[in-house]
Amino acid sequence: MADRRLMQGNEACAEGAIAAGVRFFAGYPITPSTEIAESMAKLLPKYGGTFVQMEDEIASMGAILGASLAGAKVMDATSGPGFSLKQELIGYAAVAEIPCVLVNVQRVGPSTGQPTAPSQGDVMQVRWGTHGDHPMIALSPWSVRETFDLTVMAVNYAERFRTPVILLMDEIVGHLRENVTLPTAEEIAIYPRRKPTKTRAEGYEPFAPEADLVPNVADFGNGYHVHVTGLIHDETGFPVGSPKVTQESIHRLHQKINRAGNEIIHTEEYFMEDADFAVVSFGGTARTVYEAVSEARELGYKVGMLRLVTIWPFADEAIARLAAKVKAITVAELNYGQIINEVQRAAGGVCPVEFCGKYDMRTFEPPEILDAIKKMCEGGGAN
């Protein structure tokens, strides 16, 4: 039977991880993500898994990478300061192609900022926080149930593409409580750990890509020789100083994500059938935007909403279609201005893109978004 209960977003994240097959969690408590670690500490022993509280955020990231290489599906959870500390090992996971999920429950920064206050200020850090050229997948839920679903999706994407995946939550959703019905195990699609298709005698090379450009790296301890390094390496896993291999390696890391295209770029539209204007938002802020757009509709404004579920890779095509349809777009986000730059780029100047931001440690109220909608609509989309 379906499991119906009242739960917090952070708790739903832990439940989703367990449902997706995560059996190792190493973490360090940090507001506002700590409930994820607490929930995993309670749940993992029941499923034969392991929870370890590490001495700091860097060690936590190193521990999950080691466990992943040994064959476990893994997750870690943190917030802004901890996420900053993990950047070097996120890059290591990207180049070494180690599946892992990292949850960032955003709070106000910079630095210690406002530890218990909501924010969406880590959007660009998620994409560009670690050095070098690398792809990134990041998903952003707006409800407790979607937190469960996107955690499962994040684990599946990490395993499928052998890459770090970020679940970009915010304090609003992390501490939100809703009555939700969780799916049964039979209703959840799980992507298994990839396994070698060749033996050592058949010429197995751990980083030789399959047709989808993803290698089937053997888990440690299964009789294969696997060399893992943060250096650029060839298909054997050993580092090389070749310009050709370097270019091919970096290109493949990007293409294994890019070629999946719209399959992993998820958006949702609301009230868009006859909309002349639109608001773009994501995460917890999108809940307030939905209410404000509903109120604007009642007042006669033809406005709709596009919600970004996948933050990275960015929904360029969806934004381009939106810009071609409406007279103007407003971007609502709980920061000084981050996603708006991507929306403006993807819109390509086809229509005006306006900003509705907030960064005073408080969430949006519907009237604030409604005022921005009225300004946009009554301005007629004029530049």
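Just so you know, these numbers come straight off a predicted model, no measurement behind them.

Novice: Just checking my understanding: could you explain the packing of aromatic side chains for this structure?
Specialist: With the rule as written, the count across this model stands at nine aromatic pairs. Taken together, a centroid distance of 5.5 Å and an interplanar angle of 90° make the contact between Tyr270 and Tyr290 edge-to-face. Of this pair, Tyr270 sits in strand S9 (residues 267-270) while Tyr290 is found in helix H10 (residues 285-298), placing the two residues 20 residues apart along the sequence. We classify Tyr270 as buried; its relative accessible area is 15%. What makes Tyr290 partly exposed here is its relative accessible area of 32%. When the ring of Trp312 is compared with that of Phe314, the centres are 6.1 Å apart and the planes differ by 50°; the resulting orientation is tilted. Three or more aromatic residues joined by ring pairs make a cluster, and in this case those are Trp142, Tyr270, Phe271 and Tyr290. Taking NZ or CZ as reference, Arg127 lies 3.9 Å from the ring centre of Trp128, over its face.

Novice: I would appreciate a short explanation of the nonpolar core in the present structure.
Specialist: Side chains of nonpolar character tend, in soluble globular proteins, to be buried together. In this structure, Met40, Met75 and Ile329 are the most contacted members of the largest nonpolar core, which totals 99 residues. Broken down by element, the residue count for this core peaks at nine residues, all from helix H7 (residues 144-161). When residues of this core are sorted by domain, at least three fall in each of domain 1 (4-187) and domain 2 (267-379). Ignoring sequence-local partners within four residues, the contact set of Ile329 consists of Ala278, Val280, Leu322, Ala323, Val343, Cys351, Pro352, Val353, Glu354 and Met376.

Novice: I'm lost on the layout of surface pockets in this one. Help?
Specialist: Picture a little ball the size of a water molecule; that probe, rolled over the atoms, points out where space is still empty. In this structure, the largest pocket spans a volume of roughly 420 Å³. Lining the largest pocket are 22 residues, with Asn258, Ile265, Pro313, Phe314 and Ala315 sitting closest to its centre. Going through the elements one at a time, helix H6 (123-128), helix H9 (243-258), helix H11 (316-325) and helix H12 (339-347) are the ones with two or more residues in the lining of the largest pocket. Looking at the lining of the largest pocket element by element, the count peaks at four residues for H11. Split into classes, the residues belonging to the lining of the largest pocket amount to eleven nonpolar, five polar and six charged. Counting the residues that make up the lining of the largest pocket, at least three belong to each of domain 1 (4-187) and domain 2 (267-379).

Novice: In this structure, what is going on with the sheet that holds strand S11 (residues 303-308)? I would like to understand it.
Specialist: Strand order in this open sheet of five strands is S9-S11-S10-S13-S14, and the pairing throughout is mixed. Where the open sheet ends on each side, the last strands, each with one partner, are S9 and strand S14 (353-357). Pairs of neighbouring strands in the sheet enclose a mean axial angle of 20°, with direction left out of account. One ladder, built from four bridges, connects S9 with S11; its direction is antiparallel. Following the sheet pairing, Tyr270 is matched in S11 by Met305.

Novice: What am I meant to see in the sheet that holds strand S3 (residues 50-53) here?
Specialist: By definition, the strands of a sheet pair up through backbone hydrogen bonds, in either a parallel or an antiparallel sense. Taken in spatial order, the seven strands make up an open sheet running S3-S2-S4-S5-S7-S6-S12, and their pairing is mixed. The sheet is open, and its two edges are formed by S3 and strand S12 (310-312), each paired on a single side. When the angles between neighbouring strand axes are averaged without regard to direction, this sheet yields 25°. Pairing analysis gives two bridges linking strand S6 (residues 137-139) to S12, with the strands arranged antiparallel. Looking across to S12, one finds that Leu139 is bridged to Thr310. Contacting strand S2 (22-27), S3, strand S4 (73-78) and strand S5 (100-106), helix H2 (residues 34-43) crosses the sheet at an angle of about 135° to S2.

Novice: Help me out: how do you make sense of the pattern of salt bridges in this one?
Specialist: Close approach of charged atoms allows side chains of opposite charge to pair. Within the structure shown, the criterion is met by 19 salt bridges. The partner of Glu146 in a salt bridge is Arg307, with the nearest N and O atoms 2.7 Å apart. With Glu146 in helix H7 and Arg307 in strand S11, this residue pair connects regions lying 161 residues apart in the sequence. Arg307 gets classed as buried once you look at its relative accessible area, which sits at 2%.

Novice: Hey, could you run me through H7 in this one?
Specialist: In an α-helix there are 3.6 residues to a turn, and that puts residues three or four apart on one side. Relative to the 26 Å expected for 18 residues at 1.5 Å per residue, H7 spans 26 Å between its end C-alpha atoms, a close match to the ideal helical length. In this structure Ser143 caps H7, since a side-chain oxygen of it lies 3.0 Å from the backbone nitrogen of Glu146. The positive-phi residue at the C-terminal boundary of H7 is Arg162, with phi of around 45°.

Novice: How should the pairing of S4 be read in this particular structure?
Specialist: If a strand is regular, its side chains alternate between the two faces of the sheet. Among the six residues that make up S4, six are buried, leaving the element largely enclosed by the rest of the structure. Residues Lys73, Met75 and Ala77 of S4 are buried on one face, and the alternating residues Val74, Asp76 and Thr78, pointing to the opposite face, are buried as well. Where S2 and S4 come together, three bridges link them in parallel fashion. Counted as the bridge partner of Val22 is Lys73 from S4. Inspection of the sheet shows S4 paired to S5 by four bridges, in the parallel sense. Pairing of Asp76 across the sheet is with Leu102, part of S5.

What counts, and at which threshold
- Residues numbered from 1 in each chain as written.
- Predicted model: local features only at pLDDT ≥ 70, side-chain atom pairs only at ≥ 80, totals over all residues.
- Heavy atoms only, no water.
- Phe/Tyr/Trp six-rings, centres within 6.5 Å; stacked < 30°, edge-to-face > 60°.
- Helix = DSSP H or I, 4+ residues; strand = E, 2+ residues; numbered from the N terminus.
- Buried < 20%, exposed > 50% of the residue type's maximum accessible area, 1.4 Å probe, protein only.
- Lys NZ or Arg CZ within 6 Å of the ring centre and 35° of its normal.
- Core = buried A, V, L, I, M, F, W, Y, C linked by side-chain atoms within 4.5 Å.
- Domains from an automatic or database assignment.
- Contact = heavy atoms within 4.5 Å.
- 1 Å grid on protein atoms, 1.4 Å probe; cavity = no way out; pocket = protein on both sides within 12 Å on 5 of 7 lines; lining within 4 Å.
- Points joined across faces, edges and corners; volume = space filled by probe spheres on them.
- Nonpolar A, V, L, I, M, F, W, Y, C, P; charged D, E, K, R; others polar.
- Pairing = 2+ DSSP bridges.
- Axes fitted to C-alpha atoms, helices over the stretch in contact; angles between N-to-C directions.
- Salt bridge = Lys/Arg side-chain N within 4 Å of Asp/Glu carboxyl O.
- Expected span 1.5 Å × (residues − 1).
- Polar contact = N/O pair within 3.5 Å; in protein donor to acceptor, adjacent residues only side chain to side chain.

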